[in-house]
Every structure is written in structure tokens, then in C-alpha cells.
Amino acid sequence: MSTPVIHDPTTLPSDDNVNAYTFCVELKGSQWFLQKGKMIAYYGQIDFNGIGHGRFDRLIRTSFHSPLHASDWVVAEGSGKMLLADRAFDVNSFDLENGNLTIRSGNLLAYQPTLALKQSIVPGFLTLIGTGKFVAASNGPVVFMEPPLRVDPQALVGWADCPSPCHHYDHGYMTGVLGGLRSLTGMGGTSGEEHQFEFVGAGTVLLQSTEVLMPEQATGATPHEPGVPGGSAGAGQPGSAPRMPGQLGDLQRRFGL
Amino acid sequence: MFRLQGSKTLAVDLTGDAVKAKNGSMVAYDGQMTFKKMSGGGEGIRGMVTRRLTGEQMTMMEVKGQGTCYFADRASEINLVSLHGDKLYVEASNLLATDAGLRTGTTFTGLRGGTSGNGLFTTTVEGTGQAAIMSDGSAVVLRVTRQYPLVVDPGAYIAHQGSLQQHFQSGVNFRTLMGEGSGESFQIRFEGDGLVYVQPSERNTVGGDV
């Protein structure tokens, strides 16, 4: 019989994985930001406080720049060891050293307050800037790739440094009504791979090894200003006719982006 | 004799003896096996009535024979537990198999059960032998000692063994009511000596979002 490993506070790793799905954070009077409800167990004295807590005003001013997200995040504070996990997805920690990384909002689990969290201009993504450790979940192990490359939208977890992300459509898809209709209805056969994200420039792209998306975490709405991507005020040009869903040319809506 | 075949299949070597397993969890066997549904999980009339009343439903079968029998359930990760006269508390839905010599029963869990999304009652396994429990993702086994009490999220709890006292603690305050809850308002605190099994995934619980 294979006996399971029994952990206690002295054998649990400090800021490392316990197994592929569980991450252990050691707090020594320090603080961590974590997504609500991802703590599964802890030893020691740890307090969990919603971000709106007045005491955290300074902390939040320096490392949390996403006011509309605030209700999804908590600050863990105290001393002890804390286990984090997310729906039995793979979790991994990453170190940033004076760098930046943009990640799909549902994949980020926790981060050290030495990093600053900001909303990315790309809707649904968050950017971490600075030096420190963060923990991210993915469906299957994460693969690191170098641009230039094109990736499947569902497999994208995030990207580090500064590759330029853009949409890429296969040309055949765009030609004529028939092409559009075919990809809309699937009639005539589509490969499902006509649309990709393209990355060019220096940096690293993070991919997960399945195309099952992590359930999206609401990132909060961006400010309603013209010129802000995702901000609804700028979306429809004044005076233009309302778009029908699935109308040709309304590509991002068709892809549910 | 229980052993793991990979992390999601339980292999049991039988030499004329028997094991109790979750009904329908056999995936393969070699040798000669008989499968018999155990009415009331072999707990007698009283056990049957208790299970019916408490909603802690568990349908078990008795597997007897010569050879190797393989069990699995919905690709859950399987964890082996050795019992030496102590008691294992586990949710009926997480129990896959036990030695035939182990007694199973039902017990009241108090408030903890209400928050873990599994009802107010739980299943106990008692005696000396082996049991196999299931988890969503490989479970983490955490030791609780006098110096190191442990706090667990009710949604991630699957089982515990040993002499542990559990306390229910809630961090609900006026901020929770203002919608600034921490998401960790309900917790179970374990004190004493024993082991706690947690899974890296949270069930949907009543207090999960508070």
C-alpha cells in the first residue's frame, strides 16, 4: 500500500506547490492578495479581509488598481501556512523581477503585494507589474512560447513582457458572404481554427494545454469613456444603425469577445 | 489488500475475502468475483433506517472472490487510508471502498455539515483495516496536533480521522452585510490529534460566496 504523504506545518513547503493542484503560501506577518474563496485550509493565525477594509487603504493604493474588481479579492494577513487551490485546476507560481505580465483574469489566484495589479487595456485581462511572486491556475500544465506565433484563443493564458497581441483571421474566412456564413453555421465544414491570436515582438506567451477555458472572472467594467476598449460608451458610433448579432463585419461579437 | 493503480483506480487483491465498495464502481476484475448489493450498506435494519432518515445515502456492494478487482468512480483521485482501531469520518459520496471488517455508520456533524454542502450527517468508518476515499484532484493530508490546530474551508473538507474536536467559526461581520465579505467567512477549526483530508477544489456551499 502506498501511504499518502502527511503534511504538517513544518513539512509544508514555503511558497511552493504541495502537489500539482495545491499551493502553499507562508505568511510571516506579511500580506497576500487572493481571489475570494480559493483558500482551502491554513495553520496559524490568518485573517481574511475584503478589500474595502479601511486599514488596507495604503496597501491598496500601491498594489491594487482595479477598483471595479475589488469585490473579488481579499487580503490575507497574519502568520502561518495557507493552502490555495482552484477547482482542481493545475496551479503554478511564477516570479516576476521588475517585469510585467498580462493574464486572463480568471486564471490569477493570488499575488504578493510587492506586485501591482492593473486592468489590462485588453478586456478580460489583468496586468501585474513589479517584482514578486504570483500564483496562477490553468487547465493542464502551462507551456511557455516565444513570439512570433499564433495561438488559439481558448488556449491563451497570458503573456509576459511586451509582445503585441492582435487578432488574426485566415483570409478564406473573410472572403464573401459564403465564407462568413460557413463559419457562422459550420455548414460546408470549418476547422474551427480560422481565428487566432497573433503575438509579435519580444517576450513570452503562456498557453494552457487544453482549450477548455477557465470560467471568466468578472473584471468589472472599464470606465465609460470614448476610446477605452471595452468601455461601452465608445462602442457604438453615434448615429450608426444598431448592429444585428452575427452581422458580417461584427467579428468580435461573433467570437464572443 | 488495497493498492493504487495510477492515481484514479483502486486495485484490490482478494484471496477469498471480501471488500465493501460503492455500488457500481467496479471497472474490471480478473479471477472469480461475486458482486452482491448490500442492503443498507451492511449496517442492519437500524443502519438502513438511520441512513434513510438522515439523507446520508450510501449504496454499497460486497465483492468477494479470488483475484484482483479494480474500482474507479468518475475519474476522481483516490486516497488510501489505514485505520488502526480509530474512526474515519467521511462524506458518503467520497467513500469508495472499505475492508469488509470495517464497520460503517452514520453520525451527526452539527453545523459543520450544514456548511460543507453535504448535509448535517456524515459517515463513519471504524475498526482496523483499509479504506479508499475519493477527492476532486489529489487530496492533501494535513496533520493536526495540540500545537498546530488547522482551519479548513468547509467546501474543501472531505474527511478526517483521529480524536479531533471541530469548531465552526464564522467571520461574518457588518462588512459581509455591506457586500465586502472575504469569501472565507465560514471555516471549520480542528483541534486535537489526527489527520484532515482536504481536496484542491471547493464544493458549492451555502456560505461559499459570503
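All of the points below concern the structure found in this document. These numbers come from a predicted model, not from an experiment. (Residues numbered from 1 in each chain as written. Chains lettered and ligands numbered in written order. Predicted model: local features only at pLDDT ≥ 70, side-chain atom pairs only at ≥ 80, totals over all residues. Heavy atoms only, no water.)

All names here are of chain A. Strand order in the open sheet formed by three strands is 12-15-14, and the pairing between neighbours is antiparallel. Strands with a single pairing partner mark the edges of an open sheet, and in this sheet they are strand 12 (149-151) and strand 14 (164-169). Pairwise comparison of adjacent strand axes, ignoring direction, gives a mean angle of 35° for this sheet. Alignment of strand 14 against strand 15 (residues 195-200), held across six bridges, turns out to be antiparallel. Considered in strand 15, the bridge of H167 is made with F197. (Pairing = 2+ DSSP bridges. Helix = DSSP H or I, 4+ residues; strand = E, 2+ residues; numbered from the N terminus. Axes fitted to C-alpha atoms, helices over the stretch in contact; angles between N-to-C directions.)

Here we come to the interface of chain B and chain A. Residue-level contacts link 39 residues of chain B with 35 residues of chain A. Interface of chain B and chain A: buried area, both sides summed, is about 2,900 Å²; carbon and sulfur atoms make up 58% of it. At the surface where chain B touches chain A, the tally comes to zero salt bridges. Counting every contact that joins chain B to chain A gives eight residue pairs in polar contact (both at pLDDT 80 or more). Looking at the side of chain B that touches chain A, the elements with two or more residues in it are strand 1 (2-5), strand 5 (77-90), strand 9 (140-144), strand 10 (150-152) and strand 12 (186-198) of chain B. The residue inventory of the side of chain B that touches chain A, partitioned by class, reads 19 nonpolar, eleven polar and nine charged. In this structure, strand 1 (residues 6-7) of chain A lies alongside strand 9 of chain B, joined through two bridges in parallel fashion. Paired with A:I6 across the two strands is B:V141, which belongs to strand 9 of chain B. (Contact = heavy atoms within 4.5 Å. Buried area = accessible area lost by both parts, 1.4 Å probe. Salt bridge = Lys/Arg side-chain N within 4 Å of Asp/Glu carboxyl O. Polar contact = N/O pair within 3.5 Å; in protein donor to acceptor, adjacent residues only side chain to side chain. Nonpolar A, V, L, I, M, F, W, Y, C, P; charged D, E, K, R; others polar.)

Residues and elements named next belong to chain A. Counting buried positions along strand 6 (residues 73-84) gives eleven out of twelve residues, so the element sits mostly inside the fold. Here strand 3 (residues 22-35) runs beside strand 6; their pairing, made up of twelve bridges, is antiparallel. From the neighbouring strand, L34 faces strand 6, where its bridge partner is V74. As defined by bridge partners, strand 4 (residues 39-50) adjoins strand 6 across eleven bridges and the pair is classed as antiparallel. Along strand 6, the bridge assignment pairs A41 with L83. (Buried < 20%, exposed > 50% of the residue type's maximum accessible area, 1.4 Å probe, protein only.)

A word on the packing of aromatic side chains. Across all of its chains, the model carries ten aromatic pairs over all chains by this definition. Ring geometry for A:Y43 versus B:Y148: centroids 6.5 Å apart, planes at 75°, classification edge-to-face. Of this pair, A:Y43 sits in strand 4 while B:Y148 is found in the loop between strand 9 and strand 10, placing the two residues in two different chains. Consider the rings of A:F94 and A:F144, whose centres lie 5.9 Å apart with planes at 70°: the pair is edge-to-face. Of the two residues, A:F94 is situated in strand 7 (residues 90-104) and A:F144 in strand 11 (residues 142-145); the sequence distance between them amounts to 50 residues. On the basis of relative accessible area, A:F94 is assigned to the buried category, the value being 12%. Feature note: the residues A:F33, A:W73 and A:Y111 constitute an aromatic cluster, connected by ring pairs. (Phe/Tyr/Trp six-rings, centres within 6.5 Å; stacked < 30°, edge-to-face > 60°.)

Turning next to the pattern of salt bridges. Residues and elements named next belong to chain A. Applying the stated criterion to the full structure yields twelve salt bridges over all chains. For R150, the salt bridge goes to E198, with nearest N and O atoms at 3.0 Å. Here the residue R150 occupies a position in strand 12, and E198 occupies one in strand 15, the gap between them amounting to 48 residues. For E198, a relative accessible area of 19% gives the class buried.

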